[in-house]
Amino acid sequence: RLEEEKIIQASLLLARQQAKRAMPNDTLINQQWHLKFNNQSGALAGTDLNIESTWAYPTNGAGFRGRGIRIGIVDDGVQTSHPDFAGNIDTANDYDWNDSSPTDPSPGTGDDHGTACAGDAAARGNNNLGVSGSAPEATLVGMRLIAAVTTDQQEADAMNYLPELIDIKSNSWGPNDTGTILEPPGPLTQAALQNAATTGRGGKGTIIMWAGGNGLDASDNSNYDGYANSIYTIAVGAFDSQSRQAWYSESGANLVIVSPSSGTSP
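Okay, so let's go over this structure.

How each quantity is defined
Residues numbered from 1 in each chain as written. Predicted model: local features only at pLDDT ≥ 70, side-chain atom pairs only at ≥ 80, totals over all residues. Heavy atoms only, no water. Phe/Tyr/Trp six-rings, centres within 6.5 Å; stacked < 30°, edge-to-face > 60°. Lys NZ or Arg CZ within 6 Å of the ring centre and 35° of its normal. 1 Å grid on protein atoms, 1.4 Å probe; cavity = no way out; pocket = protein on both sides within 12 Å on 5 of 7 lines; lining within 4 Å. Points joined across faces, edges and corners; volume = space filled by probe spheres on them. Nonpolar A, V, L, I, M, F, W, Y, C, P; charged D, E, K, R; others polar. Helix = DSSP H or I, 4+ residues; strand = E, 2+ residues; numbered from the N terminus. Polar contact = N/O pair within 3.5 Å; in protein donor to acceptor, adjacent residues only side chain to side chain. Salt bridge = Lys/Arg side-chain N within 4 Å of Asp/Glu carboxyl O. Buried < 20%, exposed > 50% of the residue type's maximum accessible area, 1.4 Å probe, protein only. Pairing = 2+ DSSP bridges. Core = buried A, V, L, I, M, F, W, Y, C linked by side-chain atoms within 4.5 Å. Contact = heavy atoms within 4.5 Å. Axes fitted to C-alpha atoms, helices over the stretch in contact; angles between N-to-C directions. Parallel < 35°, antiparallel > 145°, perpendicular 65-115°, else oblique.

A few words on the packing of aromatic side chains. Tallied over the full model, the rule gives eight aromatic pairs. Three or more aromatic residues joined by ring pairs make a cluster, and in this case those are Tyr95, Trp97 and Tyr161. The ring of tyrosine 57 has arginine 65 lying over it, and the distance from NZ or CZ to the ring centre is 4.0 Å.

Right, here's the structure in full:
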């Protein structure tokens, strides 16, 4: 009898068409081992971000690709005219603390670090050009700060800049990697970091990312970096394409995450 068969659940067996996942069509995407391992020379399986399902290409508007997020690149400048930033660059709100033209964050001769960081974060994806950033539909804001010597006031101004507009501030810089000196931010910058992290984004806090330091070969430790060890920043270390600590990336109890980057271990 039916009651003796102890049927727990019954449901209709329906067929449905699942959506295919694909990588974006950027011309150099297959060289970006950190986004998807594809038997690239020198890379090991498991070193990538496993980001394909998160992006959910090819469907427009699907997945998570940074839409609606502004990332401030606090560095030596950003080439706002770069073709792989088209559609992802905010030239109305960028700023330059190093030059007499505060509204133009374009880098000077030899200043290519900020542009590289910007591309890693949010180069336009699926535009059949160049590379893709990890957040290929986010908006970049160039914040030129470290192309020249800076004051505590300038650094503080950068940390407090447009706290309701810029969601994330990327900082791949810091004190010299000596391995012997603990060097903190100045008092104005310390206060600015606290203010940004506690009151930015309508009280949710600006997300302040900080490089953990490049001084491993000098036996430096990220705890000695007063910017990266601040409770108000998220310190990031690096591993290479072999899933090893990158030769330059410092260790430290302050590191919150590690992510794929360039370089091989010694």
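Turning our attention to empty space enclosed by the protein. Scanning all chains against the criterion turns up one cavity of 30 Å³ or more. The computed volume of the largest cavity comes to approximately 50 Å³. Lining the largest cavity are Pro175, Asn176, Asp177, Ile181, Asp220, Tyr224, Asp225 and Glu250. Tallied by class, the residues present in the lining of the largest cavity amount to three nonpolar, one polar and four charged.

The next subject is the side chain of asparagine 171. Considering the arrangement of structural elements, one finds asparagine 171 in strand β4 (residues 168-171). A distance of 3.1 Å separates a polar atom in the side chain of asparagine 171 from a polar atom in the side chain of tryptophan 173.

Enumeration according to the criterion identifies eight salt bridges in this entry. Here arginine 144 makes a salt bridge to aspartate 96, at a shortest N to O gap of 3.0 Å. Of this pair, arginine 144 sits in strand β3 (residues 139-144) while aspartate 96 sits in strand β2 (residues 95-96), and the two are 48 residues apart along the sequence. Grouping residues by exposure puts arginine 144 and aspartate 96 together as buried. If you follow the salt bridges from partner to partner, you end up with Asp96, Asp99, Asp111 and Arg144 in one network.

Our next topic: the layout of surface pockets. Its boundaries defined by the atoms lining it, the largest pocket holds a volume of some 1,400 Å³. Forming the boundary of the largest pocket are 41 residues, of which Asp120, Ser172, Val236, Ser259 and Pro260 lie nearest the centre. Elements that contribute at least two residues to the lining of the largest pocket include exactly α2 (113-122), β4, β5 (207-211), β6 (234-239) and β7 (255-260). Of all the elements, α2 adds the most residues to the lining of the largest pocket, at five residues.

Okay, the sheet that holds β6 next. In space, the seven strands of this open sheet follow the order β2-β3-β1-β4-β5-β6-β7, with parallel pairing throughout. Strands at the two margins of the open sheet, each flanked by one partner only, are β2 and β7. Bridging between strand β1 (residues 70-75) and β4 involves four bridges; their strand directions are parallel. If you follow valine 74 over to β4, its bridge partner there is asparagine 171.

Tracing the chain through its elements places isoleucine 257 in strand β7. Taking the C-alpha atoms as reference, isoleucine 257 lies 36 Å from serine 101; in sequence the two are 156 residues apart.

A few words now on the nonpolar core. Counting 19 residues, the largest nonpolar core has Val74, Met143, Ala158, Met159, Trp173 and Trp210 as the members making the most contacts within it. Contributions of two or more residues to this core are made by β3, α3 (152-159), α4 (187-199) and β5. The contact partners of valine 74, leaving out residues within four places of it in the chain, are Met143, Leu145, Ala158, Met159, Lys169, Ser170, Asn171, Ser172 and Trp173. If you look at the next biggest cluster of nonpolar residues, it comprises 12 residues, including Ile73, Val78, Ala118 and Ala138.

On to the pairing of β6, then. Across the six residues that make up β6, a large majority, five, are buried. The sheet contact formed by β5 and β6 spans three bridges and is parallel. Among the inter-strand pairings, alanine 211 is bridged to a residue of β6, identified as valine 236. As defined by bridge partners, β6 adjoins β7 across five bridges and the pair is classed as parallel. Within β7, the residue paired with glycine 237 across the bridge is valine 258.

Take the packing of α3 against α4 next. Where α3 meets α4, the closest approach of the two axes is 8 Å, and the angle between their N-to-C directions is 5°. When the axes of α3 and α4 are compared, the pair comes out roughly parallel. Contacts between α3 and α4 involve Asp152, Gln153, Glu155, Ala156 and Met159 on the former and, on the latter, Pro187, Leu188, Thr189, Ala192, Leu193 and Ala196. Its residues assigned to classes, the contact of α3 with α4 shows seven nonpolar, two polar and two charged.

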